[in-house]
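Notes for the structure review
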Amino acid sequence: MSAETDATTDVLVVGSGVAGCAAALAAARAGQDVLLVTKAERPKDATSWWAQGGVAVSRADAEGFKRDVIAASDGAADPEAVDVLVENANDAVEDVLVETLDVPFDTDENGDDAFAYGREAAHGERRILHVNASTGRHVLGPFLSCLDDHPNVTIREDTAALELLTREGRVHGAMVESDGVLEPVCAGATVLATGGIGALYDRSTNPAGATGDGIAMAALAGADVTDMEFVQFHPTAYAGEEPFLLSEAVRGEGALLRNADVSESHSEARKTESPGGERFMPEYHPDAELAPRDVVARAVANERDRTGDVVLDVSPLDFEAEFPDLAAKCDERGVDFRTGIAVSPAEHFVCGGIDVDSQGRTSLDRLFAVGECSRTGVHGANRLASTSLLEGLVWGLRAGQAVAADDASPVVVEAPDLRDSDPALPEAFAEEKFDRLRRTMDEYVGLARTPDGLRRASAAVRRLKGEVDAYVRTRTSRELYELRAATVTALLIVRAASENDESRGCHHLVDESADTTDAGEESEEREVHAGRP
Ligand code: SIN
């Protein structure tokens, strides 16, 4: 690979999901020149595109919204960050999503153009704006078009950031790669908006490119990274090959979870009326199917282990009428939703990330982070549904405004000497290492963890990282850097999980000597969850 001449910009944004777009928009509106680089080749490659449920807003009861965020977080959210989220929600949504982008949020059936607010798990009221169950694409499509038209914004697709440019504790941009060509981009401020970590797990609701790039780049540059043990699994992803998400909104409208137990007490009529077997969630939590996501995900996994299957029973609602896009997806995939949709948990969101303040500032000067790669403190140990697009929007705008207020000039710094002196990677190198990484993360750092499993994961990921680092010294391919990002991020998760001996939210520790499907364990779990706020 060759390095090209230096490019400079006021603001470099890395990532093209809602958070990156919001940061770019706010900085551009304030007169900054913005270069947005994204390794995405199509809008669909950003996780925001895949978001189904929607955007939670504050209605009559803002304090209730805050309480719900904190309760879902297992009491671990930072109340000040939650205030920032909730108190800025409506203005951000009104300004950007409604007035600027004209997102076609669903309206109610009275013909009065009032929004139809959806309900999802752990929300005390209907407060979710949505476009059917495909909200992400209806937000991101117009957002990218709006930035495309903005005179202060340049978007470069299929362009990956490989490493941050740093000097004396300051970040001055990033080394980017496009079509095999390396280029230092020097910026007055750099905003990381690279999304999540789905590629670290076999089953994920994220696109394949979610390799933890921003988290790893920031950590390698010395930024603080926090709460990485809190990896959230969505309870209802299709259980077959190529899982797809079945939004929590479906349970919000009345769908039920059933295991494969069809006891003798079931009448023949009951068996044919409702797909699947016993409804189990009431035994795990008083809010049943609308319990916090971590609770439902563990219950689904437990019931699958115990009885062999769990299905999402959509018979209590008119699924085709209420969720036409999900019904069409099922049809497309040959899944008959009338007999219940087989579901199992899949990695969905990392609640931790690059530590930031209320304006997205990281611990490194001139480096900001927004969206899933950041840790604002809003999500604590478990994120409340439909707060991720909102968080990305609110923090993206705030970071863009802060960047513009700093108005730092770009400084041209020496680019790191990324070597590409050896032949191409061995065939299937990255694929094979990714497979190993996923197997390790699935086995030891999934929904339930043990100290021994975490020790094994730590050894395996360290070994893998050593092998990858040896190649990074002499090669610069994008897939190798993605693999490095994934192994660094995995190590951060494993380390955080190993250092935290408190079982909370998504970080669920089980007793190594216990059988996790044992009834005694199960009832203890129910008690713990039932006692949660
Ligand atoms: C969903 O639609 O269930 C996902 C919403 C979210 O992750 O916030």
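I will try to describe carefully the structure that is included in this document.

Conventions adopted
Residues numbered from 1 in each chain as written. Predicted model: local features only at pLDDT ≥ 70, side-chain atom pairs only at ≥ 80, totals over all residues. Heavy atoms only, no water. Helix = DSSP H or I, 4+ residues; strand = E, 2+ residues; numbered from the N terminus. Buried < 20%, exposed > 50% of the residue type's maximum accessible area, 1.4 Å probe, protein only. Pairing = 2+ DSSP bridges. Axes fitted to C-alpha atoms, helices over the stretch in contact; angles between N-to-C directions. Disulfide = S-S within 2.5 Å. Contact = heavy atoms within 4.5 Å.

What follows is about unusual backbone geometry. Phi angles above zero are rare outside glycine, and Glu168 is one such case at about 50°. Within the fold, Glu168 resides in the loop between strand E6 (159-167) and strand E7 (170-178). Residue class for Glu168 comes out exposed when judged on its relative accessible area of 76%.

On to the sheet that holds strand E13 (residues 341-350), then. Whenever strands of a sheet pair, they do so through backbone hydrogen bonds, lying parallel or antiparallel. Judged by pairing direction, the sheet is antiparallel, and its four strands sit side by side in the order E10-E13-E12-E11 without closing on themselves. The open sheet has two edge strands, strand E10 (231-238) and strand E11 (256-259), and neither has a second partner. For this sheet the average axis-to-axis angle between neighbouring strands, irrespective of direction, equals 45°. The sheet contact formed by E11 and strand E12 (residues 310-313) spans four bridges and is antiparallel. Of the residues in E12, the one forming a bridge with Asn259 is Val310.

Looking now at the state of the cysteines. If you walk through the whole model with that rule in mind, you get zero disulfides. Cys146 supplies the cysteine sulfur nearest to Cys21, a cysteine that is in no disulfide, at a spacing of 8.7 Å. According to the relative accessible area criterion, Cys21 is buried, its value standing at 0%. For Cys373, which is in no disulfide, the shortest distance to another cysteine sulfur is to Cys21 and amounts to 13 Å.

Here the focus is the sheet that holds strand E16 (residues 374-375). Taken in spatial order, the three strands make up an open sheet running E9-E14-E16, and their pairing is mixed. Either end of the sheet is taken by a strand with one partner, and the two such strands are strand E9 (225-226) and E16. Together, E9 and strand E14 (353-355) form the strand contacts of helix H6 (residues 213-221), whose direction differs from that of E14 by roughly 45°.

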